[in-house]
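# Structure assessment
Below are the chains, spelled out letter by letter.
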Amino acid sequence: QVQLVESGGGLVQPGGSLRLSCAASGSIFRINAMGWYRQAPGKQRELVATVTSSGSTDYADSVKGRFTISRDNAKNTMYLQMNSLKPEDTAVYYCNGEITPVGVLYRMVYWGQGTQVTVSS
């Protein structure tokens, strides 16, 4: 059984910073691309940032220059450093991973349960 667990969300003032973590656990053979998504109330889930297994990254225009995605392959963990936070960054943040479980011949997509980020004064 493979699981993704997010942590690090919370309440922060505008201009502040938070660091999210996403830890993958279970019978994992390989973790391919991973990403962060977010969903604000009344809106569709949107892509925030992605990182490949080799470390290549991509970002939504709305977070470029403010957010940094990274991963530690030895720890099966992905991070999202969020700086200069704005009220419009308020959302539930989900991590996503393309993972090949042990004993399975293809990759599967897994989601975490989400962590709330609220940016407010």
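Described below are features of the structure shown in this document.

### A look at the environment of Ser84
Along the polypeptide, Ser84 turns up in the loop between β8 (77–82) and β9 (91–101). The partly exposed category is assigned to Ser84, whose relative accessible area is 41%. For the pair formed by Ser84 and Gly16, sequence separation is 68 residues and the distance between their alpha carbons is 5.5 Å. Aside from chain neighbours lying at most four places away, what touches Ser84 is Gly15, Gly16, Ser17, Arg66 and Asp89.

### Overview of the packing of aromatic side chains
Applying the stated criterion to the full structure yields 1 aromatic pair. Seen from the ring of Tyr79, Arg19 lies directly overhead, with NZ or CZ sitting 4.0 Å from the centre. Across the ring face of Tyr94, the terminal group of Arg45 is positioned such that the distance to the ring centre comes to 3.7 Å.

### Structural notes on the side chain of Ser21
Residue position: Ser21 is located in strand β3 (residues 18–25). We classify Ser21 as buried; its relative accessible area is 18%. Those residues in contact with Ser21 that sit more than four places away from it in its chain are Val5, Glu6, Ser7, Trp36, Met78 and Tyr79.

Thresholds applied
- Residues numbered from 1 in each chain as written.
- Predicted model: local features only at pLDDT ≥ 70, side-chain atom pairs only at ≥ 80, totals over all residues.
- Heavy atoms only, no water.
- Helix = DSSP H or I, 4+ residues; strand = E, 2+ residues; numbered from the N terminus.
- Buried < 20%, exposed > 50% of the residue type's maximum accessible area, 1.4 Å probe, protein only.
- Contact = heavy atoms within 4.5 Å.
- Phe/Tyr/Trp six-rings, centres within 6.5 Å; stacked < 30°, edge-to-face > 60°.
- Lys NZ or Arg CZ within 6 Å of the ring centre and 35° of its normal.

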